[in-house]
Amino acid sequence: MLDFTLTPEQLELREKAREFARREILPVVWYFDEVDEMPLFILRKAYEAGLMNLNIPEKYGGKGLGLVDQAIIVEEIAAACVGLATSLFDNSLGETPVILCKNEKVKEKYLPEIVKNFRLISFATSEPLMGSDVAGIQCKAEKDGKDWVLTGTKYWVTNGGYADYYSIFANVDPKSRHQGICAFLVEKTWDGVSVGNSIPKLGLRTSNTVGLEFDHVRVPEENVLAEPGEGFILAMQTFSRTRPIIGAFATGAARSAMEFAIQYVKKRRAFGQEIGNFQAVQFKIAEMYQKVETARLLTWKAAWEADTGKDPTITSSITKFYATEAASEVVNEALQIFAGYGYTTFYPVEKIYRDVRVLKIYEGTSEIQRIVVSRHALSQYEPVMPPLEDLPRTRAEDPKKASREGMKEQKAWRCRICGYIHYGDEPPEKCPYCHFPQSTFKKVWPEEHSKVK
Ligand SMILES: Cc1cc2nc3c(=O)[nH]c(=O)nc-3n(C[C@H](O)[C@H](O)[C@H](O)COP(=O)(O)OP(=O)(O)OC[C@H]3O[C@@H](n4cnc5c(N)ncnc54)[C@H](O)[C@@H]3O)c2cc1C
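The structure reproduced in this document is the subject of the present report. What you see is a predicted model; the values in this text were computed from it and never measured.

In terms of nonpolar packing, the biggest core is built from 115 residues, with Ile77, Leu150, Phe184, Val186 and Phe249 touching the most fellow members. Those residues within four positions of Leu150 in sequence are excluded, and the remaining contacts are Cys139, Lys140, Ala141, Ile168, Ala170, Phe184, Val186, Phe214, Asp215, His216, Val217 and Val219.

Before going further, it helps to examine the site of the ligand. In the vicinity of the ligand, 21 residues are found, and the nearest of them are Ser126, Ser132, Trp156, Thr365 and Glu367. In the model, a nitrogen atom of the ligand is placed 2.7 Å from a nitrogen or oxygen of the Ser126 side chain. Measuring from an oxygen atom of the ligand, one finds a side-chain N or O atom of Ser132 at 2.6 Å. Protein contact buries 66% of the 970 Å² of open area that the ligand shows by itself. When residues of the shell around the ligand are traced back to their parent elements, those giving at least two are strand E1 (121–124), strand E3 (147–158) and helix H10 (366–379). Among the elements that make up the shell around the ligand, the one with the highest residue count is E3 (three residues). For the shell around the ligand, the residue count by class is ten nonpolar, seven polar and four charged.

With that settled, consider the side chain of Thr125. If you trace the backbone, Thr125 turns up in the loop between E1 and strand E2 (140–144). Relative accessible area serves as the criterion here: at 4%, Thr125 is assigned to the buried category. Residue contacts for Thr125: discarding those within four places in its chain leaves Met130, Val134, Ile137, Lys154, Phe169, Ala235 and Phe239.

Let us look at the packing of aromatic side chains. One pair of aromatic rings is described through two measures. These are the centre distance and the angle between the planes. Applying the stated criterion to the full structure yields 14 aromatic pairs. With 5.5 Å between their ring centres and 50° between their planes, Trp148 and Phe184 make a pair best called tilted. Here Trp148, found in strand E3, pairs with Phe184, found in strand E5 (residues 181–187); they are 36 residues apart in sequence, far enough to count as distant. On the accessibility criterion, Phe184 (0% relative accessible area) is buried. With centroids separated by 4.2 Å and ring planes inclined at 20°, the aromatic side chains of Tyr264 and Phe338 adopt a geometry described as stacked. Of this pair, Tyr264 sits in helix H6 (residues 231–267) while Phe338 sits in helix H8 (residues 313–342); the two residues are 74 residues apart in sequence, bridging distant segments of the chain. Taken individually, Tyr264 and Phe338 each receive the classification buried, so the pair is uniform in this respect. Feature note: the residues Tyr264, Phe338, Tyr341 and Tyr347 constitute an aromatic cluster, connected by ring pairs. The positively charged end of Lys310 is found above the aromatic ring belonging to Trp304, 4.5 Å away from the centroid. If you follow Lys351 out to its NZ or CZ, it ends over the ring of Trp30, 5.5 Å from the centre.

The next thing to look at is the packing of helix H1 (residues 8–35) against helix H3 (residues 67–80). The geometry of H1 relative to H3 is characterised by a closest axis approach of 7 Å and an angle of 25° between their N-to-C directions. Taken together, the axes of H1 and H3 are roughly parallel relative to one another. The chirality of how H1 crosses H3 is right-handed. From H1, Gln10, Leu13, Arg14, Ala17, Arg18, Phe20, Ala21, Ile25, Leu26 and Val29 reach across to H3, where they touch Val68, Asp69, Ile72, Ile73, Glu76, Ile77 and Ala80.

Pairing within the open sheet is antiparallel, and its three strands lie in the order E12-E11-E13. Because the sheet does not close on itself, it has two edges, and the strands there are strand E12 (421–423) and strand E13 (441–445). Averaged over neighbouring strand pairs, the angle between their axes works out to 35° when direction is ignored. Pairing geometry for strand E11 (residues 412–415) and E13, over four bridges, is antiparallel. Paired with Ala412 across the two strands is Trp445, which belongs to E13.

What follows covers a nonpolar patch on the surface. On the surface, Leu2, Phe4 and Leu297 cluster together into a nonpolar patch covering about 350 Å² of accessible area. Relative to the assigned elements, Leu297 resides in helix H7 (residues 279–307).

This part takes up helix H4 (residues 82–100). Spanning 19 residues, H4 covers 26 Å between terminal C-alpha atoms, matching the ideal 27 Å at 1.5 Å per step. At Phe89, H4 shows its maximal bend, which comes to roughly 35°. Across the 19 residues that make up H4, a large majority, 17, are buried.

Scoring rules and cut-offs
Residues numbered from 1 in each chain as written. Predicted model: local features only at pLDDT ≥ 70, side-chain atom pairs only at ≥ 80, totals over all residues. Heavy atoms only, no water. Core = buried A, V, L, I, M, F, W, Y, C linked by side-chain atoms within 4.5 Å. Buried < 20%, exposed > 50% of the residue type's maximum accessible area, 1.4 Å probe, protein only. Contact = heavy atoms within 4.5 Å. Near = heavy atom within 4 Å. Polar contact = N/O pair within 3.5 Å; in protein donor to acceptor, adjacent residues only side chain to side chain. Areas by Shrake-Rupley, 256 points an atom, 1.4 Å probe, with all protein chains shown as cover. Helix = DSSP H or I, 4+ residues; strand = E, 2+ residues; numbered from the N terminus. Nonpolar A, V, L, I, M, F, W, Y, C, P; charged D, E, K, R; others polar. Phe/Tyr/Trp six-rings, centres within 6.5 Å; stacked < 30°, edge-to-face > 60°. Lys NZ or Arg CZ within 6 Å of the ring centre and 35° of its normal. Axes fitted to C-alpha atoms, helices over the stretch in contact; angles between N-to-C directions. Parallel < 35°, antiparallel > 145°, perpendicular 65-115°, else oblique. Left-handed = near helix turned anticlockwise from the far one by under 90°. Pairing = 2+ DSSP bridges. Patch = residues over 30% accessible without salt bridge, like charges linked within 9 Å, V, L, I, M, F, W, Y side chains within 5 Å. Salt bridge = Lys/Arg side-chain N within 4 Å of Asp/Glu carboxyl O. Expected span 1.5 Å × (residues − 1). Bend = angle between axes of the 7 residues up to and from the residue.

Have a look at this one:
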C-alpha cells in the first residue's frame, strides 16, 4: 500500500528543522551571502540541535535515519538557504563512502568521532580538469609498503576549508580509468595536505568551496575506503544516495520562492487591481505549485527506494534533473512576478535565483543525469508493449454485429516497412503503399510471437 502520511516522528523532525531554519538560518544568511562567507557557527548549532550526520548508523553512535527522513529535514533547511543546506548536508555526502565501504576499522575510528565532536568531512571526486568524467580522475595513489601515497589536486570541495577529514577518490593508473579508481579517508592535518582560497561564486556564497592539494600525502592502509577498481562503484553508489537530497534542496528552495510570490501577488497592484487577479499570473502560481509538489514526490520516491533496499540509481537521476530544473523555473517565474523588485537584493528572490543555479551542476550535471536515464531506458528498461512489428491488430468480419455479439476476427498481416495492415487469409503479393514484396509482411493476428508477461 502506498501511504504519504508522515509519521508522528517525521512530523516532529520536520517541525524541529523548520523552527531551526526560521529562527537560526533565515535572519542571518543574507549577510553571509553578501560577505561571501560560510557561517560555521550555524553548522555547529545545527550539529548541537541534532540536525547533522543523520545518516550515521546507530551502531556508530549516529541516528541512523533513512533518506526519506533526511529529505524531510533538508527541504526545511533549504527553504531558508540552499547554501547552508549544502554545507550542513555535505557531511552526509562525505560520510556516505565511509558508511558504504567494507573497511570496518575506518568506520569505527571516524564515524563515532564525527558524531561526538562536531567534525566536518568533505567529499572529493572533482578536480580542476575533471568533474563529470569521474573515471578520468588524475589524482595519483601509489602503494609504498603498507601505506598509500597521494599526489594531485581536487577542486570544488564543499566545506573543504573547514573540514577535518576528506573522502578522497584517486587513481593508481589514470590511463586505466574506472579500473584504477580507489578512495581514502584523509585527515586535513596530515603532512602534504594544503587548502586553497575560498572560490568566489555566483550563488551558494554561504557555503565554503575550495581546492585541495596533496603533495605526497602518506595514507595508512587502515584509511582505505575502496581498493583500486572499487572506487568508481563506491562513488556512484554514493551519488545514488545523495542525489535525492539535491531533490530536497530544490524542493525547499522552489517552495520558498513560490510562497514569496503568492504573498506578493496579493499585495502588488497594477491596472487598478491586485496582480493576482490576472489569469496569466494565477497560471504561473499553479505551475509553481505543480512543480514543487512533483519535485517532492520524486524526491521521496528516490529516498524510499534507497531506504527499502532497492537500487535508487535511476529514480535518483530522474529526481536530480527534474527537481533542479523545476526549481530553476519556479524561481525564475517568481522573479518575473516580483519584476523590478525581484531583481534587487532587498527581496529574497534574487538570492534564491543565484543559489539554485548550482543544483543543475553539482553531484552530476543535468546532462549526466540524462545520460544515466537514457542509457537505462534504451538498454535495460523492459517494455510492456510488444515489438512494433508484432503489434496485434485485427478487425471484425461483420462490423455491425461485432460490438453486441463479439467479433469474428480476421487474419491480419503487417508490412514491416510502412506499417500497412492487410486483412485476409494470405498477405498481398506486394504492399499497395510502399510496394515492397510479400516477404515483408508479418502475421500479427492471430498472435504468434508476443505473450503478455
Ligand atoms: C558550488 C559547487 C560545489 C561543489 N562541491 C563539490 C564537492 O563537494 N565535491 C566534488 O567532488 N565536487 C563538487 N563540485 C563539482 C561538481 O560536481 C562539478 O562541477 C560537476 O560534476 C560538473 O563538472 P565540471 O564542472 O568539471 O564540468 P565538466 O565535466 O567539464 O562539464 C562541462 C559541460 O559539459 C557537459 N558534459 C560533460 N560530459 C558530457 C557528456 N558525456 N555528454 C553531454 N554533456 C557532457 C556537462 O554537463 C557540462 O555542461 C561542486 C561544484 C560546485 C559549483
